[in-house]
Amino acid sequence: MRGVPPEVDQLMWAVSENPDPGAIAEFGERYPQLRAELMHRVNMVRSLRNEVKPGLQRRQELPRFQPREVASMPNPRGLVLAGGLALAALAAASYTAYSMLKPAPHRAPISLLPREDQSQAPIVPPVRYQNPPTVSPPPKEAIRQPERAVEVDKVPAYLRPRDVAVKDENLTTALAMITEGTGIKLVIGPGFVDQKVSVDYRSKTTAEILKDLADQYAFSVFDEGNGTYLVLPVPDRTAPPSGISKVDTSATK
Amino acid sequence: MSIAFDKSKVGAYDEDLVLVERFLAGERLAFEHLYAKYYDKVFAIARGILLDSDDAADAVQEVFNLVFRHLGRFDRRSRFSTWLFRVAVNRSIQESRKNRHRNRNVELTEASAHTTPEEPEGADPRVHAVMERLAPQDRALLTLFYWDELNLQEIAESVGCNVNAAKTRLYRARERFRALYEQEGR
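*Asks:* Help me understand the overall build of chain A in this model?
*Replies:* Within chain A one finds 7 helices and 6 strands. Along chain A, helices and strands appear, N-terminal first, in the series α-α-α-α-α-β-α-β-β-α-β-β-β. Counting every position in chain A, which comprises 253 residues, the buried fraction comes to 31%. For chain A, the share of sequence-separated contacts (at least 6 apart) that also reach a separation of at least 24 residues comes to 62%. Taken as a whole, chain A presents about 17300 Å² of accessible surface, with 58% of it coming from carbon and sulfur.

*Asks:* Explain the confidence of the model for chain A here, please?
*Replies:* When pLDDT drops low, the exact placement of atoms in the prediction is not to be read closely. Residues and elements named next belong to chain A. Considering every residue of chain A, the mean pLDDT works out to 74; 64% of them sit at 70 or more. Within chain A, the element-level pLDDT minimum falls on helix H5 (residues 147-152), averaging 50, and the maximum on helix H2 (residues 21-30), averaging 90. Scored below 50 in pLDDT, residues 249-253 shows 0 contacts in the model against residues more than four places distant or in partner chains.

*Asks:* Explain the nonpolar core here, please?
*Replies:* One broad rule of soluble globular proteins: the nonpolar side chains tend to lie buried together. Of all hydrophobic cores here, the largest spans 60 residues; its most connected members are Phe64(B), Val67(B), Leu71(B), Phe80(B), Met131(B) and Phe177(B). Sort the elements by how many residues they give to this core and helix H2 (residues 28-50) of chain B lands first, with 12 residues. By size, the runner-up hydrophobic cluster in this structure holds 22 residues, among which are Val166(A), Met177(A), Val221(A) and Val231(A).

*Asks:* What exactly am I supposed to notice about the packing of helix H5 (residues 125-133) of chain B against helix H8 (residues 163-185) of chain B here?
*Replies:* A pair of packed helices can be characterised by two numbers: the angle between their axes and the separation between those axes. Residue and element names in this part refer to chain B. The interhelical angle for the contact between H5 and H8, taken along N-to-C directions, is 130°, at an axis separation of 9 Å. Viewed along their axes, H5 and H8 adopt a mutual orientation that is oblique. When you trace H5 past H8, the crossing you get is right-handed. Each of Arg126, Val127, Ala129, Val130, Met131 and Arg133 in H5 lies in contact with H8, whose residues at this interface are Phe177, Leu180, Tyr181, Gln183, Glu184 and Gly185. Among the residues forming the contact of H5 with H8, the class breakdown is 7 nonpolar, 2 polar and 3 charged.

*Asks:* Is there a simple way to explain the pattern of salt bridges in this structure?
*Replies:* A pair can form between side chains of opposite charge whenever their charged atoms are brought close. One pass over the full model with this rule turns up 20 salt bridges over all chains. For Asp9(A), the salt bridge is made with Arg41(A), and the minimal N-O distance between the two is 2.7 Å. Taken as a pair, Asp9(A) in helix H1 (residues 6-17) and Arg41(A) in helix H3 (residues 35-56) lie far apart in primary sequence, 32 residues in all. Here Glu37(A) and Arg178(B) are joined by a salt bridge, their closest N and O atoms 3.8 Å apart. With Glu37(A) in helix H3 and Arg178(B) in helix H8, this residue pair bridges two chains. Neither Glu37(A) nor Arg178(B) differs from the other in exposure class; each is buried. Residues participating in the shared-partner salt-bridge network are Asp9(A), Glu37(A), Arg41(A), Glu175(B), Arg178(B) and Glu182(B).

*Asks:* For this particular structure, what's the right way to read helix H3 (residues 53-70) of chain B?
*Replies:* Residue and element names in this part refer to chain B. Here H3 spans 25 Å end to end across 18 residues, near enough to the 26 Å set by a 1.5 Å rise per residue. Buried within H3 we find Ser53, Asp55, Ala56, Ala57, Ala59, Val60, Gln61, Glu62, Val63, Phe64, Asn65 and Val67. Where H3 begins, the side chain of aspartate 52 points an oxygen toward the backbone nitrogen of aspartate 54, at a separation of 3.1 Å.

*Asks:* Would you explain H1(A) in this entry?
*Replies:* Think of an α-helix as 3.6 residues a turn; residues three or four steps apart then line up on the same face. With 12 residues, H1(A) ought to run about 16 Å at 1.5 Å a step, and its terminal C-alpha atoms sit 16 Å apart, in line with that. Among the residues making up H1(A), those that are buried are Val8(A), Asp9(A), Met12(A), Trp13(A), Val15(A), Ser16(A) and Glu17(A).

*Asks:* Can you walk me through unusual backbone geometry in this structure?
*Replies:* Phi is mostly negative for residues that are not glycine, and the peptide bonds are mostly trans. The phi dihedral of Asp168(A) falls on the positive side, at around 55°, and the residue is not glycine. Within the fold, Asp168(A) resides in strand S1 (residues 162-170). Here the phi dihedral of Arg76(B) falls at roughly 65°; this positive angle occurs in a residue that is not glycine. Locating Arg76(B) in the fold gives a position in the loop between H3 and helix H4 (80-110). By relative accessible area, which is 28% here, Arg76(B) ends up partly exposed.

*Asks:* What is the right way to read the confidence of the model for chain B from this model?
*Replies:* Residue and element names in this part refer to chain B. For chain B, per-residue confidence averages 81 on the pLDDT scale, and residues scoring 70 or more make up 80% of the total. A low-confidence stretch, residues 1-8 (pLDDT under 50), is modelled with 10 contacts involving residues beyond four sequence positions or located in other chains. Ignoring residues within four places in sequence, the model shows residues 111-117, a span with pLDDT below 50, making 2 contacts including any to other chains.

*Asks:* In this structure, what is going on with the packing of aromatic side chains? I would like to understand it.
*Replies:* In this description, a pair of aromatic rings is defined by centroid distance and the angle of the planes. This model, assessed by the stated rule, comprises 19 aromatic pairs over all chains. Summarising the aromatic geometry, the rings of Tyr38(B) and Phe85(B) are spaced 6.2 Å apart at their centres and angled 80° between planes, so their arrangement reads as edge-to-face. With a gap of 47 residues between them, Tyr38(B) in helix H2 and Phe85(B) in helix H4 connect regions that are remote in the sequence. Here Tyr38(B) and Phe85(B) have matching classes, each one buried. When the centroid spacing of 4.9 Å and the interplanar angle of 85° are considered together, the rings of Phe145(B) and Tyr146(B) count as edge-to-face. Of the two residues examined, Phe145(B) and Tyr146(B), each falls in the buried class. Every member of this aromatic cluster is reached through a ring pair, and the members are Phe65(A), Phe23(B), Phe31(B), Tyr35(B), Tyr39(B), Phe43(B), Phe64(B) and Phe68(B).

*Asks:* I would appreciate a short explanation of the packing of H1(A) against H2(A) in the present structure.
*Replies:* Residues and elements named next belong to chain A. Running from amino to carboxyl end, H1 crosses H2 at an angle of 150°, the nearest separation of the two axes being 10 Å. Compared by their axis directions, H1 and H2 come out roughly antiparallel. The crossing of H1 and H2 is left-handed. For the pair H1 and H2, contact is made by Val8, Leu11, Met12 and Val15 and by Ala23, Ile24 and Phe27, respectively. The residue makeup of the contact of H1 with H2, split by class, is 7 nonpolar, no polar and no charged.

About the cut-offs
Residues numbered from 1 in each chain as written. Chains lettered and ligands numbered in written order. Predicted model: local features only at pLDDT ≥ 70, side-chain atom pairs only at ≥ 80, totals over all residues. Heavy atoms only, no water. Helix = DSSP H or I, 4+ residues; strand = E, 2+ residues; numbered from the N terminus. Buried < 20%, exposed > 50% of the residue type's maximum accessible area, 1.4 Å probe, protein only. Contact = heavy atoms within 4.5 Å. Areas by Shrake-Rupley, 256 points an atom, 1.4 Å probe, with all protein chains shown as cover. pLDDT = per-residue confidence, 0-100. Core = buried A, V, L, I, M, F, W, Y, C linked by side-chain atoms within 4.5 Å. Axes fitted to C-alpha atoms, helices over the stretch in contact; angles between N-to-C directions. Parallel < 35°, antiparallel > 145°, perpendicular 65-115°, else oblique. Left-handed = near helix turned anticlockwise from the far one by under 90°. Nonpolar A, V, L, I, M, F, W, Y, C, P; charged D, E, K, R; others polar. Salt bridge = Lys/Arg side-chain N within 4 Å of Asp/Glu carboxyl O. Expected span 1.5 Å × (residues − 1). Polar contact = N/O pair within 3.5 Å; in protein donor to acceptor, adjacent residues only side chain to side chain. Phe/Tyr/Trp six-rings, centres within 6.5 Å; stacked < 30°, edge-to-face > 60°.

What follows is the structure in structure tokens.
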């Protein structure tokens, strides 16, 4: 209570809880200003004790004690796990059912014929080679062919007709430009004499172009497999009509 | 606290322990004796905290069921009675918290029907109103002190604290009760 020293407050509570008439009178004499507060507390404690105490008594006879059997509760972690698995199974089943019932998407027929623009050879800047000159396939960025057309087109690239025009370039550079985009890797053999050439082919396959060049400039092209072709500075008298001879590896085994 | 009350506690100590040992040895009847002996005390604690006789009766059954199952955990460092009261206080406070949520829902639908709180005849209605407004922990302390008439040592053991803490808590609970009681009187 405000304004009352703690020790007096404690004393007042002690008198209130043991309301001896003599103690109440003595407290009233010592602290007359707190007499009303003391009587208020005495009545409050008396009410507190008397009010509920009768209500605390049980209203009937002693109930019989019945020990309850404890039902074994399932492990909550197991319940959560089982619930999660059930949800996952339900989700998987729903997805499967939905996928099976959904109609197949309509797709337009794919043309197997190469388009006009795909047969055009891109123009690549000339490449200067050091000795020994080797020709590597041009970067993939230079070949702009749609992926779908590449997948469906079963015709080898070197058999597709194309236009190639080279003016006043080295023969090795011309060969690189001719074979680019065809998947052919040319390896120039030792002793190959490079020279300035100018060519202009329209609607010719790579094989036809190579054969024509081999006839003109006295060299031979041999297919070594894996898309690698060897260019040797000797004319091949036994070349097939395609112009590219197969390397016979059986004799070396 | 009267001297006679303390003597009765001391006298009951051995008897309770004997009953506990006999029950743990398999004698079911020993537990029935403990039940009959302490039913009213435990009921008083539960009734003082829950403020409802039916809820208190249920809580007492729950308390004795807990004791029946876990009496082997009684470590004999305190008296059986204070251990039992501690179980009763904790269980009743737990039930009181559950009931508070339940009563909030009931209030909306049965506010008009439930107008007569359970009170003994001739009782001061303010006490019941104030006790309802107090926290269950405060009700437990006031119940143990004023209604079960336990001393501070017993209260401390029953609520699980030391004597000084019990004294402080009791003082604060009593002050809160007084403040609310004066509010009710205005």
